[in-house]
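Results of the structural survey
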Amino acid sequence: MKKLFLALFLVSAGYASACTNLIVGKKASADGSVICSYSADSYGMFQGLCHFPAAKHPKGAKRKVYDWDSNKFLGEIPEVPETYNVIGNINEFQLTIAETTYGGRDEMRDSTGMIDYGSLIYIALQRSKTAREAIKVMTNLVETYGYYSSGETFSICDPNEAWIMEMMGTGAGSKGVVWVAMRIPDDAICAHANQSRIRTFDMKDKENVLYSKNVVKYARKMGWFTGKDKDFNWQETYAKADFGGRRFCDARVWSFFNHFSNDMNRYLDWALGKKADAEQMPLWIVPNRKVSVEDIENCMRDHYEGTPLSLDKDMGQGLWNMPYRPTPLSFKVEGKEYFNERPISTQQSGFVFVSQMRAWLPRQIGGILWFGNDDANMIAFTPVYCGMTERPECYNTPGADELNFSDKSAFWVCNWVSNMVYPRYSMMFPSLKEVRDSLDHSYFAAQKAVEDKAMGIYKASGEEAARKFLNDYSCEKAQQMIARWRQLAYYLIVKYNDMTIRPEKNGQFVRDEYGLGATPKRPGYPENVARELVRQTGDKFLKPAE
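These remarks concern the structure in this document.

Calculation notes
- Residues numbered from 1 in each chain as written.
- Predicted model: local features only at pLDDT ≥ 70, side-chain atom pairs only at ≥ 80, totals over all residues.
- Heavy atoms only, no water.
- Axes fitted to C-alpha atoms, helices over the stretch in contact; angles between N-to-C directions.
- Helix = DSSP H or I, 4+ residues; strand = E, 2+ residues; numbered from the N terminus.
- Parallel < 35°, antiparallel > 145°, perpendicular 65-115°, else oblique.
- Left-handed = near helix turned anticlockwise from the far one by under 90°.
- Nonpolar A, V, L, I, M, F, W, Y, C, P; charged D, E, K, R; others polar.
- Buried < 20%, exposed > 50% of the residue type's maximum accessible area, 1.4 Å probe, protein only.
- Pairing = 2+ DSSP bridges.
- Polar contact = N/O pair within 3.5 Å; in protein donor to acceptor, adjacent residues only side chain to side chain.
- Contact = heavy atoms within 4.5 Å.
- Salt bridge = Lys/Arg side-chain N within 4 Å of Asp/Glu carboxyl O.
- Patch = residues over 30% accessible without salt bridge, like charges linked within 9 Å, V, L, I, M, F, W, Y side chains within 5 Å.
- Areas by Shrake-Rupley, 256 points an atom, 1.4 Å probe, with all protein chains shown as cover.

1. Quick word on the packing of helix H11 (residues 425–461) against helix H12 (residues 463–495)
Two quantities define a packed helix pair, namely the angle between the helix axes and the distance between the axes. The N-to-C vectors of H11 and H12 enclose an angle of 165°; their axes lie 10 Å apart at closest approach. Classed by the angle they form, the pair H11 and H12 counts as roughly antiparallel. In the crossing of H11 with H12, the sense of the turn from one axis to the other is right-handed. Among the residues making up the contact of H11 with H12, the classes are represented as 20 nonpolar, two polar and five charged.

Have a look at this one:
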């Protein structure tokens with residue numbers, strides 16, 4: 001992801017553990033939609049809702065390519081005659097592309113390549129209508145101009161199909177690339193989280209498996225593989241999972257699968273990362289129930305609750321049971337290296353989305369990016385319909401950036417609130433959750449009526465009128481969200497000032513008989529913290545009997 005925290009983490013783990021993608025096939029989802037989520041996690045990252053308008057380009061037009069992480073200029077490529085409208089990571093045909101970085105072998109990185117992973121995503125969204133077409137566009141680009149980034153896993157989804165693709169360069173100065181893409185079965189769910197997930201693949205299944213001609217040949221040339229083609233294992237060859245790849249990365253996949261399987265305990269040793277002979281997780285599973293958009297939003301808020309990896313059993317949680325940890329992931333004490341858990345929900349998220357793609361609706365109505373700026377656990381996902389050409393101010397705020405706060409920016413207002421809540425999580429989070437869930441539920445409750453109205457407009461007045469109606473609706477909901485979040489910020493500082501809790505009645509702060517604010521409650525330590533404090537200090541703070 002952008003501005004990866006490489007300096008802090010590469011030293012101990014060999015790659016950055018940034019983003020998470022969750023994927024649901026259309027027969028695995030509750031309503032028949034294909035679903036794909038993305039948490040774009042990176043320290044210092046500031047990004048709202050990007051937009052690339054549809055356009056016609058004259059012959060000879062060029063497109064400048066800038067590395068998405070560093071903004072370094074990489075070169076120019078020819079533009080195509082027509083490009084499509086893109087809002088966020090979804091285009092007007094409901095095509096969605098997301099990613100996670102896994103790094104892989106350092107010697108495969110090619111700094112002479114012209115196309116980085118971020119540019120690859122947004123160029124493909126502008127030039128493709130389906131997932132298969134996007135795979136062709138993406139691979140043609142890197143095979144023509146070279147691949148600049150390290151190992152990457154892409155989620156490439158449309159209303160009918162979901163694919164996972166992994167890609168790496170072929171070394172400095174080569175401008176070469178190896179890649180493999182696999183279609184996720186319609187009745188399955190899949191995930192990836194900064195660790196290569198594709199292992200062996202059926203090279204004879206031309207319908208569901210695509211790969212570069214050199215995918216095995218390059219490994220043989222480098223002396224990394226000597227077996228039969230059918231036994232070639234992408235992950236083992238190009239990006240073998242070490243402790244960090246399992247505990248910091250695949251553990252997030254395990255946690256997602258664990259919500260929809262009765263059989264994930266068999267893979268717990270793999271997720272814990274400590275047993276070399278642990279059974280490795282499958283690339284996908286068939287869920288034990290249908291999966292909804294709301295389910296995926298909640299999975300994006302996961303902190304390993306109720307599992308052996310939960311973050312509620314040690315002093316790292318602070319006084320108020322915070323399921324977050326300071327970074328970097330690794331730290332040293334007396335010469336020994338230790339680590340923190342890395343759940344799906346994390347404070348460094350720049351933006352998150354859940355994409356809902358529905359083949360049975362007109363494309364401008366069928367595609368929704370449920371979007372938010374900041375940690376998924378700390379935001380409401382507002383609807384962003386795929387035909388949007390005008391963005392809400394809160395997701396595209398003039399003057400706001402990573403160094404300039406604005407109370408009109410969703411990124412800054414949501415971070416303002418979440419950073420108040422983090423240190424006093426168990427005290428303050430219930431208030432945030434109440435507002436968050438109320439907004440989320442209101443969007444879902446209104447969805448059918450809104451889309452029915454859009455369909456009526458579509459039939460009466462055409463696609464453009466329906467698109468504009470949904471654009472206006474999406475902007476309205478986003479702006480209502482940030483107004484409500486500002487109100488929440490003001491409420492939290494009054495309600496919980498100085499680690500106290502001001503009493504309320506019927507939604508209003510209570511005043512005493514003289515018109516002053518009622519005396520705040522002082523909750524003191526949570527019981528588990530008080531017990532631990534006494535365990536650690538013995539009689540030091542024991543009051544003497546009187």
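2. Side note on the pairing of strand E1 (residues 20–24)
Every other side chain in a regular strand lies on the same face of the sheet, so the side chains alternate between the two faces. E1 sits mainly inside the fold: five of its five residues count as buried. The two faces of E1 match: Thr20, Leu22 and Val24 on one face and Asn21 and Ile23 on the other face are all buried. Where E1 and strand E2 (residues 34–41) come together, five bridges link them in antiparallel fashion. Residue pairing for E2: Thr20 is matched across the bridge by Ser39. With four bridges joining them, E1 and strand E14 (residues 189–192) adopt antiparallel strand pairing.

3. Observations concerning helix H2 (residues 117–127)
Here H2 lies mainly inside the structure; 11 of its 11 residues are buried. For H2, the set of buried residues is Tyr117, Gly118, Ser119, Leu120, Ile121, Tyr122, Ile123, Ala124, Leu125, Gln126 and Arg127.

4. Things to note about the side chain of Ser418
Within the fold, Ser418 resides in helix H10 (residues 410–421). By relative accessible area, which is 0% here, Ser418 ends up buried. Among the polar contacts listed, one links the side chain of Ser418 to the backbone oxygen of Asn415, at a separation of 3.2 Å. Excluding its chain neighbours within four sequence positions, the residues that come into contact with Ser418 are Asp374 and Met378.

5. Notes on unusual backbone geometry
With an omega dihedral of 10°, the bond running from Thr327 to Pro328 counts as a cis peptide bond. Within the secondary structure, Pro328 sits in the loop between helix H8 (293–299) and strand E17 (330–333). Phi at Asn71 takes a positive value of approximately 70°, unusual for a residue other than glycine. Within the secondary structure, Asn71 is located in the loop between strand E5 (62–66) and strand E6 (73–78). Judged by its relative accessible area of 57%, Asn71 is exposed.

6. Comments concerning the sheet that holds strand E20 (residues 368–372)
Across a sheet, strands are paired by hydrogen bonds formed along the backbone, either parallel or antiparallel in direction. Spatial strand order, E16-E14-E1-E2-E19-E20-E21: seven strands in an open sheet with antiparallel pairing. If you trace the sheet from one side to the other, it starts and ends with strand E16 (284–285) and strand E21 (382–385), each paired once. Two strands pair when backbone bridges link them, and strand E19 (residues 349–357) and E20 are joined in this way by five bridges, in the antiparallel orientation. Looking at the pairing, Phe353 lines up with Phe371 of E20. Sheet contacts for helix H6 (residues 243–258): E1, E14 and E16; angle to E14, the most-contacted strand, approximately 155°.

7. Here's the deal with the pattern of salt bridges
Counted by the stated rule, this structure contains 31 salt bridges. Among the salt bridges present, the one from Arg183 reaches Glu161, with a minimum N-O distance of 3.4 Å. In this pair, Arg183 is assigned in strand E13 (residues 177–184) and Glu161 in the loop between strand E11 (151–157) and strand E12 (162–169), connecting sequence segments 22 residues apart. Each member of the pair, Arg183 as well as Glu161, is classed as buried. One salt bridge connects Asp229 with Arg220, and the closest N-O pair in it is separated by 2.7 Å. Shared partners join several salt bridges into a network, and the residues in it are Arg132, Glu161, Arg183, Asp186 and Glu207.

8. Some words on a nonpolar patch on the surface
Residues Phe331, Val333 and Tyr338 make up a contiguous nonpolar surface patch of roughly 260 Å² in combined accessible area. Here Phe331 lies in strand E17. In this structure Phe331 comes out as partly exposed when scored by relative accessible area, which is 37%.

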